[in-house]
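# Analysis of the macromolecular model
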Amino acid sequence: MQEILTLYRTSIHALHLQRLSGNDLLTDFFVNSIYQQKKNSRYILFSKGQDHRLKDLIRQALWEYSHPQLCSVEAINSYMLLIFTELLRMYHSSPKTEEPSLKKAVVSDILAYMEKNYQSITLEQTAEKFHFHPNHLTRVLKNNLGKTFIELSHQLKIKNACTLLENTDLTIDLIANKIGYSNIAFFYKAFKRIHGVTPAEYRKRNKESPTL
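Residues numbered from 1 in each chain as written. Predicted model: local features only at pLDDT ≥ 70, side-chain atom pairs only at ≥ 80, totals over all residues. Heavy atoms only, no water.

### Side note on unusual backbone geometry
Here is the rule we go by: Segments assigned H or I by DSSP are reported as helices when at least four residues long, segments assigned E as strands when at least two residues long, and all are numbered from the N terminus. Exposure categories follow from relative accessible area, calculated using a 1.4 Å probe and restricted to protein chains: below 20% of the type maximum is buried, above 50% is exposed, and the middle band is partly exposed.
A positive phi angle is found at Cys71, which is not glycine, with a value near 65°. In this fold, Cys71 is placed in the loop between α4 (53-66) and α5 (72-93). What makes Cys71 partly exposed here is its relative accessible area of 47%. With phi around 60°, His131 is a residue other than glycine that occupies positive phi space. Within the secondary structure layout, His131 lies in the loop between α7 (123-129) and α8 (134-145).

Written as structure tokens, this is what we have:
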């Protein structure tokens, strides 16, 4: 189960959020589980019936994760998108008990936009893009994700910093500039607040134990 959760968290990104934005129930679940990080568990139950396709896709994704090789990351992303597609089909074929919130598709679009433009994104630009007042956008994000725009912006930048730390030999100062931090000291502070270690310590730990 832990491996499936790891696959889920590492492979979900803006492209998947955009493709899932047409389904509010699943968008609600995926968006909140990634960005809100509640302590209590949240889950959705699906009835798979006699269809073994979903199980086969999960097995293939786990095999790629456990036996990394050339293009394994791309393969996992593809498998996860197929898995989510199967879940969508299962959801549509099952009886509905409640109407999902209509706001979640908008939230997923906002997050997808932030993912794409994380290096230089501002609250004012994002609010204008989605025809919101900045204060209203702040409330929407806080109410739905439990985080402010600034917190999400830092989270996205640090997530991309982690990718560069794990997969490149770029200096830490260059990585900070690359992801949108002009103040290096502020980058160090934000990184340690999120991960509990410095960027150098994070790189050392993940170079010793490489992950996808």
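### Observations regarding the nonpolar core
What counts, and what does not: Here, nonpolar core means buried Ala, Val, Leu, Ile, Met, Phe, Trp, Tyr and Cys residues that are tied together by side-chain atoms lying within 4.5 Å of each other. Should any heavy atoms of two residues lie within 4.5 Å, those residues are considered in contact.
Formed by 31 residues in total, the largest nonpolar core has its most connected members in Met114, Leu141, Ile158, Ile179, Tyr181, Phe187 and Phe191. At the level of secondary structure, the elements contributing two or more residues to this core comprise α6 (103-116), α7, α8, α9 (149-167), α10 (172-178) and α11 (184-195). A total of 8 residues in this core trace back to one element, the largest contributor, which is α9. Apart from residues no more than four positions distant in its own chain, Ile158 is found in contact with Tyr181, Phe187, Ala190, Phe191, Ile194 and His195. Leu57, Ala61, Phe84 and Leu87 belong to the second-largest nonpolar core, a separate cluster that totals 9 residues.

### Structural notes on the environment of Glu74
In this structure, Glu74 sits in helix α5. Assessed through its relative accessible area of 48%, Glu74 is described here as partly exposed. Each C-alpha atom of the pair Glu74 and Glu64 lies 9.8 Å from the other, and the pair is 10 residues apart in sequence.

### Considering α8
Selection rule: To estimate the expected span of a helix, count its residues, drop one, and scale the result by 1.5 Å.
With 12 residues, α8 extends 16 Å from end C-alpha to end C-alpha; this agrees with the ideal 16 Å at 1.5 Å per step. Trailing α8 by a residue or two, Gly146 shows a phi angle of about 75°, which is positive.

### Digging into the packing of aromatic side chains
Put simply, the rule reads: Here a Phe, Tyr or Trp ring, Trp counted by its six-membered ring, pairs with any other such ring whose centre lies within 6.5 Å, and the pair is stacked when the planes are under 30 degrees apart, edge-to-face when over 60, and tilted otherwise. We call a charge positioned over a ring when the NZ of a Lys or the CZ of an Arg lies within 6 Å of the ring centre and within 35 degrees of the ring normal.
This model, assessed by the stated rule, comprises 6 aromatic pairs. Arranged with centres 5.7 Å apart and planes meeting at 85°, the rings of Tyr113 and Phe130 form a pair that is edge-to-face. In this pair, Tyr113 is assigned in helix α6 and Phe130 in the loop between α7 and α8, connecting sequence segments 17 residues apart. Note on Phe130: relative accessible area 19%, which makes it buried. Arranged with centres 5.5 Å apart and planes meeting at 80°, the rings of Phe191 and Tyr202 form a pair that is edge-to-face. On the criterion of sequence distance, the pair formed by Phe191 in helix α11 and Tyr202 in helix α12 (residues 199-208) is long-range, its members being 11 residues apart. Judged by its relative accessible area of 0%, Phe191 falls in the buried class. The rings of Tyr181, Phe186, Phe187, Tyr188, Phe191 and Tyr202 are connected pair by pair, giving a single aromatic cluster. Here Lys157 stacks its cationic end above the ring of Tyr181, 5.0 Å away from the centre of that ring.

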